[in-house]
Amino acid sequence: MPEGPSIVILTEQTREFAGRTILRAEGDAKIDTSRLLGERVRALRSWGKHFLIELDGFSVRIHFLLFGSYRINGRKDAVPRLSLGFSKGELNFYACSVQYVEGELLRTYDWAGDVMSDAWDARQALAKLRAMPDTLACDAVLDQAVFAGAGNIIKNEVLFRIRLHPLSRIGALPATRLRELVKEVRQYSFDFLAWKKAGVLKENWLAHTKTVCPRCAIPFSMGKLGKTRRRSFWCERCQKRYGD
DNA sequence: TGGTTTGTTGCAGC
DNA sequence: AGCTGCAACAAACC
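Residues numbered from 1 in each chain as written. Chains lettered and ligands numbered in written order. Predicted model: local features only at pLDDT ≥ 70, side-chain atom pairs only at ≥ 80, totals over all residues. Heavy atoms only, no water.

Visitor: Can you help me understand helix 1 (residues 4–13) in this one?
Guide: Since there are 3.6 residues in each turn of an α-helix, residues three or four apart along the chain are aligned in direction. Among the ten residues that make up helix 1, eight are buried, leaving the element largely enclosed by the rest of the structure. Within helix 1, burial applies to Gly4, Pro5, Ser6, Ile7, Val8, Ile9, Leu10 and Thr11. Close packing links the buried residues of helix 1 with strand 2 (43–47), strand 3 (50–54), strand 5 (69–72), helix 5 (152–161) and helix 6 (175–197). (Buried < 20%, exposed > 50% of the residue type's maximum accessible area, 1.4 Å probe, protein only. Helix = DSSP H or I, 4+ residues; strand = E, 2+ residues; numbered from the N terminus. Contact = heavy atoms within 4.5 Å.)

Shown next, in the form of structure tokens:
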């Protein structure tokens, strides 16, 4: 559920709820759900891994973290974190983080930083990366201030696809390699989206959870690298390491 | 069956 | 002060 493309799918699946009025709001989220009663949904959006229900002057921000789930016009056998009943249909969210965001979404969020957004700006991402030369590639891809929506699967697949070692220092990358990194995070995110929709995401993984390199057939390395300590899968032979 | 994880926050300790 | 490591959260998968 968690990475950006999956949230894009959720916004598409809930498009029909735009314009509807919230008639019932409950759940064990630590927010005042009564505030939602009578509110009309202006839009459903995603920013990175955030799912946003835009209302008048404020929004509901849902983050699914690692374990969150949802049901559209259905329920699962669990207490919902947030359950919204509309004039027609209902939305149920489980095991997620729910917060209010005050003000206008289009002003409060950095839409150029969302890898799935039409407003995505590769040049701004490049500038952010240049300002963090000591950061490792494996941490940089997971940085939501640079690549909002990128997660651990995207990290491993992108670094393998462009043959870049996860322990490379960002400041040691030649300009062409840095541009390639930015371009591929966006490109792979859309491949992820298409494969997820087609139900073939896992079948297309080249590196994530793999034990053998599909290019040269030597065993993959695996370790919890960088400040983020997230699992990395890489090939010592195929993925070039810059800096040290 | 139990270990693992597509994620983030907050806090203790250094 | 700023960094890092860890716990907490909590559910499906293999």
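Visitor: Any chance you could explain the protein's contact with DNA strand B here in plain terms?
Guide: As a structural note, the neighbourhood of DNA strand B is formed by 16 residues, with Lys49, Leu65, Gly151, Arg230 and Arg231 the closest of them. When atoms of DNA strand B within 4 Å of the protein are split into backbone and base, the sugar-phosphate part holds 68%. Here a sugar or linking oxygen of DNA strand B sits 3.3 Å away from a polar atom, N or O, in the side chain of Glu3. Here a phosphate oxygen of DNA strand B sits 2.5 Å away from a polar atom, N or O, in the side chain of Arg231. Contributions of two or more residues to the surface near DNA strand B are made by helix 5 and strand 10 (230–234). Residues that form the surface near DNA strand B fall into these classes: six nonpolar, five polar and five charged. (Near = heavy atom within 4 Å. Polar contact = N/O pair within 3.5 Å; in protein donor to acceptor, adjacent residues only side chain to side chain. Nonpolar A, V, L, I, M, F, W, Y, C, P; charged D, E, K, R; others polar.)

Visitor: Help me out: how do you make sense of a positive patch on the surface in this one?
Guide: Taken together, Lys224, Arg229, Arg230 and Arg231 make up a surface patch of like positive charges. Looking at the secondary structure, you find Arg231 in strand 10. (Patch = residues over 30% accessible without salt bridge, like charges linked within 9 Å, V, L, I, M, F, W, Y side chains within 5 Å. Areas by Shrake-Rupley, 256 points an atom, 1.4 Å probe, with all protein chains shown as cover. Salt bridge = Lys/Arg side-chain N within 4 Å of Asp/Glu carboxyl O. Lys, Arg positive; Asp, Glu negative; His and termini not counted. Charge placed at Lys NZ, Arg CZ, Asp CG, Glu CD.)

Visitor: Explanation requested: the environment of Ser189 in the structure shown.
Guide: Note that Ser189 resides in helix 6. Given a relative accessible area of 0%, Ser189 falls into the buried group. Sequence spacing of Ser189 and Gly226 is 37 residues, and the spatial spacing of their C-alpha atoms is 22 Å. Once you skip the residues sitting within four places of it in the chain, Ser189 turns out to touch Pro5, Val115, Met116 and Ile154.

Purely geometric numbers; function is a separate question.
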